[in-house]
Amino acid sequence: MIDATSKALFHALAQSGLLRRLASRYGMRRQGFARRFIAGETIDEALTAVADLPSRGLRLTLDYLGESVSTPQEARAFTETYLQLVQTIVASGVERNLSVKLTQLGLDISKDLAFDHMRRLLDAAEPQGFFVRVDMEHSPYVDRTLDTIERLWGAGYRQVGTVIQSCLFRSPADVTRLCALGARVRLVKGAYKEPAGVAHRGKTEVDAAYLSLMRQLLDTGHFPAFATHDVQMINCVRAYATERGIDRTRYEFQMLYGIRRDLQTSLVSEGYGMRVYVPFGQQWFPYFMRRLGERPANVAFVLRGVLGEG
Ligand SMILES: Cc1cc2nc3c(=O)[nH]c(=O)nc-3n(C[C@H](O)[C@H](O)[C@H](O)COP(=O)(O)OP(=O)(O)OC[C@H]3O[C@@H](n4cnc5c(N)ncnc54)[C@H](O)[C@@H]3O)c2cc1C
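Residues numbered from 1 in each chain as written. Predicted model: local features only at pLDDT ≥ 70, side-chain atom pairs only at ≥ 80, totals over all residues. Heavy atoms only, no water.

(A) Structural detail: the overall build of the protein chain. Each helix and strand counted, the protein chain has 12 helices and 8 strands in total. Here the C-alpha atoms of the protein chain give a radius of gyration of 19 Å, agreeing with the 19 Å that 2.2 N^0.38 yields for 310 residues. By its C-alpha atoms, the protein chain is 55 × 45 × 40 Å across when sized along the principal axes. Counting only contacts in the protein chain whose residues sit at least 6 apart along the sequence, the fraction spanning at least 24 positions is 71%. The centroid of the 40 positive side-chain charges in the protein chain is displaced by 3 Å from the centroid of its 33 negative side-chain charges. (Helix = DSSP H or I, 4+ residues; strand = E, 2+ residues; numbered from the N terminus. Rg over C-alpha atoms; globule rule 2.2 N^0.38 Å. Contact = heavy atoms within 4.5 Å. Lys, Arg positive; Asp, Glu negative; His and termini not counted. Charge placed at Lys NZ, Arg CZ, Asp CG, Glu CD.)

Structural data, given as structure tokens:
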């Protein structure tokens, strides 16, 4: 459940070098506690982990974990890895769908660098039938992310979309902007600790904003994705789509790897599109800490795993 205090606590813990070192040592062992949420440290491990998703009717998007890159060399290296990933995915036959963060491709260094790296990625990926989703990061990145999407769109790329966070006050205007452009939107509640001046803090407000943006996207969006594990949100999406006569082929649900697998399966069995977001890579610690912050019960799950290792 979203709670500003637990988000803040886990945000602070995510900065701890000691925790990061300990987690890196134990988390991704064979029965490591992080394996529930991370599909592996290499693409081969990730491909093994997702091998049964298509036969269970699940779609997928692969995310090579990494963010907040501070040197052009590192940003270039991530871009090269993504380019190799495109080839590996094509050769493997799994669904051609990627999620990527702009700070991984150099947004903290310059907007132009991140744009150039996105161009390189899309030049390789689009002709092969990929769709590339740009994840949304903290609120200071929203303008730069949306500008980059518009710039890519202006350069003729169409298989690229992004994410809107319902916790942010600005999001209704951003949805209008993206719908006018024609870009696909994934709607989420928002995973980051945000200042009170820009974001709703309580679950009731974030949920109400989610539902309002959901209606906006179903009315005016382009194949929107409703990314949530919240049954109440999911039921409202279904009810509103039915009320408006919107076929279930015109939108999809998305959930994170390892979370609410029961709900993923039951939605597929009812004929809904369900995409699983599959993170992998060595830099899994910040992603992992965000998942812990979302649900205190995950901490107990992790502790059981750690203690179980003896
Ligand atoms: C496919 C996908 C992509 C995303 N991309 C982004 C992005 O680009 N930018 C961004 O800011 N955020 C992103 N998020 C994260 C999102 O913003 C939320 O932080 C996260 O989805 C938790 O919110 P919720 O909608 O599930 O609702 P909540 O109200 O947080 O939770 C509802 C219920 O879902 C279950 N649940 C939620 N989280 C967890 C968890 N970690 N572990 C176990 N159970 C859980 C629990 O049963 C909980 O009661 C993404 C989420 C998904 C599913």
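(B) Inspection of the pattern of salt bridges at higher detail. Within this structure, the stated rule accounts for 23 salt bridges. Linking Glu252 and Arg59 is a salt bridge whose minimum nitrogen-to-oxygen distance equals 2.8 Å. On the criterion of sequence distance, the pair formed by Glu252 in strand S7 (residues 252-256) and Arg59 in strand S1 (residues 59-64) is long-range, its members being 193 residues apart. Looking at Glu252, the relative accessible area reads 2%, which means it is buried. With a shortest N-O distance of 2.8 Å, Glu252 and Arg275 are connected by a salt bridge. Of the two residues, Glu252 is situated in strand S7 and Arg275 in strand S8 (residues 274-280); the sequence distance between them amounts to 23 residues. (Salt bridge = Lys/Arg side-chain N within 4 Å of Asp/Glu carboxyl O. Buried < 20%, exposed > 50% of the residue type's maximum accessible area, 1.4 Å probe, protein only.)

(C) A look at helix H7 (residues 171-181). By the burial criterion, the buried members of H7 are Ser171, Asp174, Val175, Leu178 and Cys179. All buried residues of H7 project into a common sector of 135 degrees when viewed along the axis, lining one side. Residues of H7 that are exposed and point over 90 degrees away from its buried face: Ala173 and Ala180. Following H7 by one or two positions, Gly182 has its phi on the positive side, about 100 degrees. (Arc of directions from axis to C-beta.)

(D) Structural detail: the sheet that holds strand S5 (residues 185-188). Pairing within the closed barrel is parallel, and its 8 strands lie in the order S1-S2-S3-S4-S5-S6-S7-S8. Direction aside, the axes of adjacent strands within the sheet are offset by 25 degrees on average. In this sheet, S8 lies alongside S1 in parallel orientation, the contact comprising 6 bridges. Across the sheet, the residue bridging to Arg59 is Arg275, located in S8. The sheet strands contacting H7 are strand S4 (160-165) and S5, and the helix crosses S4 at an angle near 165 degrees. (Pairing = 2+ DSSP bridges. Axes fitted to C-alpha atoms, helices over the stretch in contact; angles between N-to-C directions.)

(E) Representation of the site of the ligand within the structure. Around the ligand, a shell composed of 26 residues is seen, among which Lys189, Gly190, Thr228, Glu294 and Asn298 lie nearest. Here a nitrogen atom of the ligand sits 3.1 Å away from a polar atom, N or O, in the main chain of Arg291. Between Asn298 and the ligand, the recorded distance is 2.7 Å, taken from a side-chain N or O atom to a nitrogen atom. Across the complex, the protein chains shield 92% of the 920 Å² of accessible surface that the ligand would expose by itself. Elements that contribute at least two residues to the shell around the ligand include exactly S4, S5, S7 and helix H11 (285-294). With 3 residues, S7 is the largest single contributor of residues to the shell around the ligand. By residue class, the composition of the shell around the ligand is 12 nonpolar, 6 polar and 8 charged. (Near = heavy atom within 4 Å. Polar contact = N/O pair within 3.5 Å; in protein donor to acceptor, adjacent residues only side chain to side chain. Areas by Shrake-Rupley, 256 points an atom, 1.4 Å probe, with all protein chains shown as cover. Nonpolar A, V, L, I, M, F, W, Y, C, P; charged D, E, K, R; others polar.)

(F) Structural detail: a nonpolar patch on the surface. Nonpolar side chains collect at one region of the surface, where Leu9, Leu13 and Leu19 lie side by side and expose about 220 Å² of accessible area between them. Along the chain, Leu19 falls in helix H2 (residues 17-26). (Patch = residues over 30% accessible without salt bridge, like charges linked within 9 Å, V, L, I, M, F, W, Y side chains within 5 Å.)

(G) Here's a closer look at the packing of helix H4 (residues 72-92) against helix H5 (residues 111-125). Where H4 meets H5, the closest approach of the two axes is 9 Å, and the angle between their N-to-C directions is 10 degrees. By the angle class used here, H4 and H5 are roughly parallel. Both H4 and H5 take part in a crossing whose hand is right-handed. Contact residues: H4 offers Pro72, Ala75, Arg76, Thr79, Glu80, Tyr82, Leu83 and Val86, while H5 offers Leu113, His117, Arg120, Leu121, Ala124 and Ala125. The class makeup of the residues in the contact of H4 with H5 is 9 nonpolar, 2 polar and 3 charged. (Parallel < 35°, antiparallel > 145°, perpendicular 65-115°, else oblique. Left-handed = near helix turned anticlockwise from the far one by under 90°.)

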